[in-house]
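Notes for the structure review
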2 protein chains.
Amino acid sequence: MKLGTVERPEGPAAVVQSGAGEAAVLPYPNLDAVVLDGGWRAAAEEALRTGERLSSEELTWLPPVRRPGKILCVALNNSANPDRIMSGPDTPAMFTKPSSALLGHGRPIVVKDKYGRVHPEPELAVVIGAGGADIAVDDALGHVFGYTIINDLTAPAMRQHDTFHYRAVHPDPDDVNGVRYVESWVSYPARYKGADTFGPLGPWVATADEIPDPHALRITCTHDGRVVTDDNTANLRFSVAEVISFASEYLTLEPGDVIAMGTALKASAKGGAVQNVDLTALGGTIEVGIEGIGVLANPVEHR
Amino acid sequence: MKLGTVERPEGPAAVVQSGAGEAAVLPYPNLDAVVLDGGWRAAAEEALRTGERLSSEELTWLPPVRRPGKILCVALNNSANPDRIMSGPDTPAMFTKPSSALLGHGRPIVVKDKYGRVHPEPELAVVIGAGGADIAVDDALGHVFGYTIINDLTAPAMRQHDTFHYRAVHPDPDDVNGVRYVESWVSYPARYKGADTFGPLGPWVATADEIPDPHALRITCTHDGRVVTDDNTANLRFSVAEVISFASEYLTLEPGDVIAMGTALKASAKGGAVQNVDLTALGGTIEVGIEGIGVLANPVEHR
């Protein structure tokens, strides 16, 4: 099944895809509520038989999960350009995006001059069903409710602004005050990864049974119809199962949590790179498509 | 008033302090619900008159806000040790902690050998009442529901592990592919700042009217009774109003959001530093006290 969340005059509602461009209304306000209900599949089957239908014109999209406990994003997780990495991760490197950054399909990505450059990052996203801690790699895919699309928008000038060179305080038993200073770099992602509208998500969540292999999906990104990225989830360095397992050793996963698997960035045959598509300067519309899941499209609005 | 959230046999409940070590039960499951209800103050006054009382022994604490939309943390925001900063922030530098990291007063901070060193960071925290975007500095304190205490636990070895040296892709119109590489450092905080139990919060939220000046509060941190930090919120570099205003230009603030204002780190007269208190090695109990708000104490459990 493919599930989503839409805005209706009477309030938000979860929906299930019932045909091309058509959906049936589910008795839940959003997928946050669906994933918490063990009976959701029977309710969805009932909706497909007898539920109210919405045509494609009536589908005003919200992020499928509205207020996940966390949006965990894996960085530097693509093996397509290892030459860029001078010292890189040997375990999944992760940051979080706040739920206030989420944006529905079709809604405008808002950019402002003070953000500097803003580029898209097309990614496979996982929605967690059953939560857990210390999940084994072999059990990890059993915790996946479904797969969706995230555009992990990034503002590199804000990243640069929020990266600092400082002397970290380390304990040192030989020092009279017990400390020594170690030169370090640190960067803080709340603004450059978490600004409002920097997390377009959806429109559909394909339930886990629809995606037998999450590492065999073509993923493309286009800007105003021009192909920027043509990649495949086979190029992800750490797999969905490995990321779930590793993350859950540190951060308990909860139903509805979203995990963004890292940027698909293999350049299209015409060259270029997602980092080269500056939405602040260019405006236009960004589309991210993942085989078997759908297409997430958002226009850019310069404010 | 001072408000909190406790665990009861019949489920979680918000409470209001009704005397030394005593609280009255409010008709809300937590402060997440209180901040959303315009009528909370009348309900609290009614509870103080007629509500069920809990003695201090009955107060099993939960984080006052259970599932904030975001926990926004300001880094490097103390003017007490500018010598450490080689290139530092000229605007508030921020990261987010997931709500799964929150921990109630009295509950164990869990550390593991694989975390490496873990140190406390005693901080003033703000709970947002009315949300908003682009909030003016002069209006900002009107968005504060109350003030509480957060211990922003940090694992510097994980920070080092998740810091990378790489070549960022920048647009370059003069290049044949339109890009050039710029040597950069980046660090990802999900593990080192966001692991389970890395966010003790509470026990009490002092409502904004109780704290006329949030920048005149003594803040102390003790480890097993030894004073590690004796600082004052006067040393915060960016004020509560400045941080709320700046953050809201990028990330819409929502009711119940928590903002951690940055580490109080002025060393006590006996020297030392919070970074020198390695809870993984030392265990023990960490207490953070803020004048007018209370004391947040958590034992350390090594697993």
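None of the values given here were measured: they were computed from a predicted structure. (Residues numbered from 1 in each chain as written. Chains lettered and ligands numbered in written order. Predicted model: local features only at pLDDT ≥ 70, side-chain atom pairs only at ≥ 80, totals over all residues. Heavy atoms only, no water.)

1. Description of the sheet that holds strand β21 (residues 294-302) of chain B
Residues and elements named next belong to chain B. Within the open sheet, the 5 strands sit side by side as β10-β21-β20-β17-β18. Their pairing is mixed. Each edge of the open sheet carries a strand with a single partner, namely β10 (109-111) and β18 (226-232). Looking at each pair of strands side by side, their axes are set apart by 20° on average, direction ignored. Judged from the 5 bridges that link them, strand β17 (residues 218-223) and strand β20 (residues 285-290) form a sheet pairing that is antiparallel. Counted as the bridge partner of Cys221 is Val288 from β20. (Pairing = 2+ DSSP bridges. Helix = DSSP H or I, 4+ residues; strand = E, 2+ residues; numbered from the N terminus. Axes fitted to C-alpha atoms, helices over the stretch in contact; angles between N-to-C directions.)

2. Re the sheet that holds strand β18 (residues 226-232) of chain A
Strand pairs in the sheet, formed through backbone hydrogen bonds, run parallel or antiparallel to each other. Residue and element names in this part refer to chain A. The 5 strands are arranged β10-β21-β20-β17-β18 in an open sheet whose pairing can be described as mixed. Taken across any chain shown, the strands that pair with only one partner, and hence form the sheet edges, are β10 (109-111) and β18. This sheet shows a mean twist of 20° between the axes of neighbouring strands, independent of strand direction.

3. Some details on the pairing of β21(B)
A regular strand places its side chains so that they alternate between the two faces of the sheet. Residues and elements named next belong to chain B. Sheet topology note: the β10/β21 ladder contains 3 bridges and is parallel. Looking at β21, one finds that Val111 is bridged to His302. Across 6 bridges, the pairing between β20 and β21 is antiparallel. Bridge pairing links Glu287 to Ala297 in β21. In sequence, β20 turns back onto β21 through a hairpin of 3 residues, with Gly292 there showing a positive phi of about 80°.

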